[in-house]
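Coordinate inspection notes
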Amino acid sequence: MAKLSQEDLLAQFEEMTLIELSEFVKAFEEKFDVTAAAAVAVAAPGAPGAGAVAEVEEKDEFDVILTAAGDKKIQVIKVVRELTSLGLKEAKDLVDGTPKPVLEKANKEAADKAAEALKAAGASVEVK
């Protein structure tokens, strides 16, 4: 088998759905006994007398989490499919398995639009 270049691999990942990519990451972690968890940065304590003023960063990435499908499950599935690249079965599984994230790391405007669309379809939604 020919060795794939980094660009070829990225092109393959680009064509995958989020669920397929998630399954790949799990299989990769199991095969090579590694974890793909994000590194956690630890803040160093300030120098004595430096003051306790902490900068508060404005959040620019939001997760839209479907908490309940409501009475109009079919409408909610349709909206989930419009918001994501999921197929019918994957969207149905996401709606059935609530609470689940529909969008992750979206900007404020996209998160608000997605939340409004889901609420209009009868779903309960949280934006974190």
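No experiment lies behind these values; they were computed from the predicted model shown.

1. So, the packing of aromatic side chains
Under the defined criterion, the tally for this structure stands at three aromatic pairs. Between the aromatic rings of phenylalanine 28 and phenylalanine 32, the centroid separation amounts to 4.8 Å while the plane-to-plane angle is 50 degrees, which identifies the pairing as tilted. Residue phenylalanine 28 and its partner phenylalanine 32 are both found in helix H2 (residues 18-32); the two are separated by four residues, about one turn of the helix. Among the residues examined, phenylalanine 28 registers a relative accessible area of 39% and is labelled partly exposed. Put simply, the rings of Phe13, Phe24, Phe28 and Phe32 pair up and form one aromatic cluster. Here the basic side chain of lysine 108 rests over the ring of phenylalanine 62, its NZ or CZ set 5.1 Å away from the ring centre.

2. Some remarks on the pattern of salt bridges
Summed over the entire model, instances satisfying the criterion amount to six salt bridges. Between lysine 108 and aspartate 112 there is a salt bridge, and its shortest N-O distance comes to 3.7 Å. With a gap of four residues between them, lysine 108 and aspartate 112 both fall in helix H5 (residues 108-120), about one helical turn apart. A relative accessible area of 45% means that lysine 108 is categorised as partly exposed. Owing to a relative accessible area of 32%, aspartate 112 belongs among the partly exposed residues under this scheme. Through salt bridges with shared partners, a single network forms among Lys73, Lys92 and Asp96.

3. Describing the layout of surface pockets
Empty space within the largest pocket amounts to approximately 610 Å³. As for the largest pocket, its lining consists of 18 residues, of which Leu18, Ile19, Ser22, Pro101 and Glu104 are closest to the centre. Counting residues per element, the lining of the largest pocket draws most heavily on H2, at eight residues.

4. Points about H5
Between its first and last C-alpha atoms H5 spans 18 Å; for 13 residues at 1.5 Å apiece the expected length is 18 Å, and the two agree. All of the buried residues in H5 are Ala111, Ala114, Ala115 and Leu118. Buried residues of H5 fall within an arc of 100 degrees about the axis and therefore sit on the same side. Among the exposed residues of H5, those oriented more than 90 degrees off its buried face are Glu109, Lys113, Glu116 and Ala120. Elements that come into contact with the buried residues of H5 comprise strand S1 (62-68), helix H3 (73-83), strand S2 (100-106) and strand S3 (124-127).

5. Description of the sheet that holds S3
Pairing within the open sheet is antiparallel, and its three strands lie in the order S2-S1-S3. The outermost strands of the open sheet, each flanked by one partner alone, are S2 and S3. For this sheet the average axis-to-axis angle between neighbouring strands, irrespective of direction, equals 20 degrees. In the sheet, S1 pairs with S2 via four bridges, with the strands oriented antiparallel.

6. Observations concerning helix H4 (residues 88-96)
Residues Ala91, Leu94 and Val95 constitute the buried set of H4. All buried residues of H4 project into a common sector of 95 degrees when viewed along the axis, lining one side. Contacts from the buried residues of H4 go to S1, H3 and S2.

Thresholds, definitions, all that
Residues numbered from 1 in each chain as written. Predicted model: local features only at pLDDT ≥ 70, side-chain atom pairs only at ≥ 80, totals over all residues. Heavy atoms only, no water. Phe/Tyr/Trp six-rings, centres within 6.5 Å; stacked < 30°, edge-to-face > 60°. Helix = DSSP H or I, 4+ residues; strand = E, 2+ residues; numbered from the N terminus. Buried < 20%, exposed > 50% of the residue type's maximum accessible area, 1.4 Å probe, protein only. Lys NZ or Arg CZ within 6 Å of the ring centre and 35° of its normal. Salt bridge = Lys/Arg side-chain N within 4 Å of Asp/Glu carboxyl O. 1 Å grid on protein atoms, 1.4 Å probe; cavity = no way out; pocket = protein on both sides within 12 Å on 5 of 7 lines; lining within 4 Å. Points joined across faces, edges and corners; volume = space filled by probe spheres on them. Expected span 1.5 Å × (residues − 1). Arc of directions from axis to C-beta. Contact = heavy atoms within 4.5 Å. Pairing = 2+ DSSP bridges. Axes fitted to C-alpha atoms, helices over the stretch in contact; angles between N-to-C directions.

All quantities given are derived from atomic positions and should not be read as evidence of function.
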